[in-house]
Amino acid sequence: MKPEPPTDDETIETVYRLLRLIRRSEEEIARLYPSDKIKSPIHLSIGQEFVSVGVIGALDEADVVSATYRGHAAYIAKGGDLGKMMAELYGKAGGCAGGKAGSMHLVDMEQGILGTSAVVATTIPVAVGYALALKREGRGRIVVSFFGDGATEEGAFAESLNFAALHDLPILFVCENNGYAIHSPIEDRWASPALCARVETYGIRTHRFTEGDVFALRSATEKACQSLRAGDGPVFIECLACRWREHVGPEDDFDAGYRDRAEMEPWLAND
Ligand SMILES: Cc1ncc(C[n+]2csc(CCOP(=O)(O)OP(=O)(O)O)c2C)c(N)n1
Ligand SMILES: [Mg+2]
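Note that the structure is a prediction, hence the values are computed from the model and not measured.

Let us look at the overall build of the protein chain. From N to C terminus, the protein chain includes 9 helices and 8 strands. Taken against the 2.2 N^0.38 rule, which gives 18 Å for 271 residues, the C-alpha radius of gyration of the protein chain at 18 Å falls within 12% of a compact globule. Within the protein chain, the proportion of its 271 residues that are buried is 42%. Expressed as a percentage of contacts within the protein chain between residues at least 6 apart in sequence, the contacts between residues at least 24 apart total 72%.

Encoded structure:
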């Protein structure tokens, strides 16, 4: 899809501030991590924040999101309390999940954050169930389900697409395709890279973003929201992205032997 120019100054500032808040928060988490007081694994979204910011920026406050263990960006973008997120990482009682769950299980139903999970793809059918409830509620609210490329290999993904399409549910599926499931590249996992074509066989409309353009993503999501609220059934977005840090933990991992730093260069230049 062709990049679209930014809209008004207020939108540009909101988007920039949120991107920066998420980036700086995660950089600070990475800085603090070696002190070993954060007793939770951390999966940083640094480099991928634009997906959460672009998509969630197009939602209404009453809409609902679900995400994965790499969920700091979605939590913050949806208005989750940053102090409660940090308390959760430290295992404090004041954390958003009572300090019992850590970074991988952020939740805040008052802000419409349905929750994140460590178990790959399990949040997708839960989000579909919530979309069914919202359809019955009849107030035009919608659900966004964020997940990684690896999650699309789970059976629950196929079941979820089928059920959501069959019942015209108000759900936006967003695949953050960073090219890897831990250290395994897509070429070793997918018989065909045509993810959107696979999803379209369920009768679901798809959009694919390859450039990391937060504004193009936001305006496409705005249009998708209109059709979701009109009851036209699910929409699927695939967003190429680059994870700058290691799969889990605060460091980079270009010495791990599974990928080259050169892959990241275009994303850095375009950041
Ligand atoms: C059901 C299940 N299988 C395997 C794992 C181990 N695991 C943790 S993260 C991960 C990779 C998932 O990759 P992807 O969905 O692309 O998300 P990313 O980490 O790239 O954001 C795997 C296989 C798990 N947590 N849950
Ligand atoms: Mg991935």
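Read on, since the account is not over.
Strand order in the open sheet formed by 6 strands is S2-S1-S3-S4-S8-S7, with parallel pairing between adjacent strands. Single-partner strands in this sheet number two, and they are strand S2 (113-117) and strand S7 (205-209). Mean inter-strand twist for the sheet, computed between neighbouring axes without regard to direction, equals 15°. Of the pairings in the sheet, the one linking strand S3 (residues 143-148) to strand S4 (residues 171-177) comprises 6 bridges and is parallel in character.

Turning our attention to the nonpolar core. Within the largest apolar cluster, 67 residues are counted, with the highest numbers of intra-cluster contacts made by Val65, Ala131, Val143, Ile171, Leu172 and Val174. When residues no more than four places from it in sequence are discounted, the contact partners of Ile171 are Ala127, Val128, Ala131, Ile142, Val143, Ser145, Ala164 and Pro234.

Of all residues adjacent to ligand 1, which total 13 residues, the nearest are Val120, Gly148, Gly150, Ala151 and Ala181. Among the residues making up the shell around ligand 1, the classes are represented as 7 nonpolar, 4 polar and 2 charged.

In this section: the packing of helix H2 (residues 49-56) against helix H8 (residues 214-229). Running from N to C, H2 and H8 cross one another at 35°; their axes reach a closest spacing of 7 Å. Regarding H2 and H8, the two cross each other, and that crossing is right-handed. In this structure, H2 uses Phe50, Val53, Gly54 and Val55 to contact H8, whose residues at the interface are Val214, Leu217, Arg218 and Thr221.

All right, on to unusual backbone geometry then. With a phi angle near 75°, Ala121 is a residue other than glycine that sits in the positive phi range. For Ala121, a count of 22 C-beta atoms within 10 Å corresponds to the buried category. Non-glycine residue Asp168 carries a positive phi angle of around 50°. Looking at the element boundaries, Asp168 is found in the loop between helix H6 (155-166) and S4. The exposure class assigned to Asp168 is partly exposed, which follows from the 15 C-beta atoms found within 10 Å.

Attention now moves to the environment of Phe254. Along the chain, Phe254 turns up in the loop between strand S8 (235-240) and helix H9 (265-269). Judged by the 15 C-beta atoms lying within 10 Å of it, Phe254 is partly exposed. In this structure, the C-alpha to C-alpha distance between Phe254 and Arg208, residues 46 residues apart in sequence, is 27 Å. Other than its neighbours up to four places away in sequence, Phe254 contacts Arg259 and Arg261.

With respect to the secondary-structure elements, Thr14 resides in helix H1 (residues 9-32). The class for Thr14 is partly exposed, based on 13 C-beta atoms found within 10 Å. The sequence separation of Thr14 and Ala220 amounts to 206 residues, and the corresponding C-alpha distance is 17 Å.

For S4 and S8, the ladder comprises 6 bridges, and the chain directions are parallel. Pairing of Val174 across the sheet is with Ile237, part of S8. When S7 meets S8, the two strands line up parallel, connected through 5 bridges. Paired with Thr206 across the strands is Phe236, a residue of S8.

Criteria and thresholds
- Residues numbered from 1 in each chain as written.
- Chains lettered and ligands numbered in written order.
- Predicted model: local features only at pLDDT ≥ 70, side-chain atom pairs only at ≥ 80, totals over all residues.
- Helix = DSSP H or I, 4+ residues; strand = E, 2+ residues; numbered from the N terminus.
- Rg over C-alpha atoms; globule rule 2.2 N^0.38 Å.
- Buried ≥ 20, exposed ≤ 12 C-beta atoms within 10 Å, placed from the backbone.
- Contact = placed C-beta atoms within 7 Å.
- Pairing = 2+ DSSP bridges.
- Axes fitted to C-alpha atoms, helices over the stretch in contact; angles between N-to-C directions.
- Core = buried A, V, L, I, M, F, W, Y, C linked by C-beta atoms within 7 Å.
- Near = placed C-beta within 6 Å.
- Nonpolar A, V, L, I, M, F, W, Y, C, P; charged D, E, K, R; others polar.
- Left-handed = near helix turned anticlockwise from the far one by under 90°.

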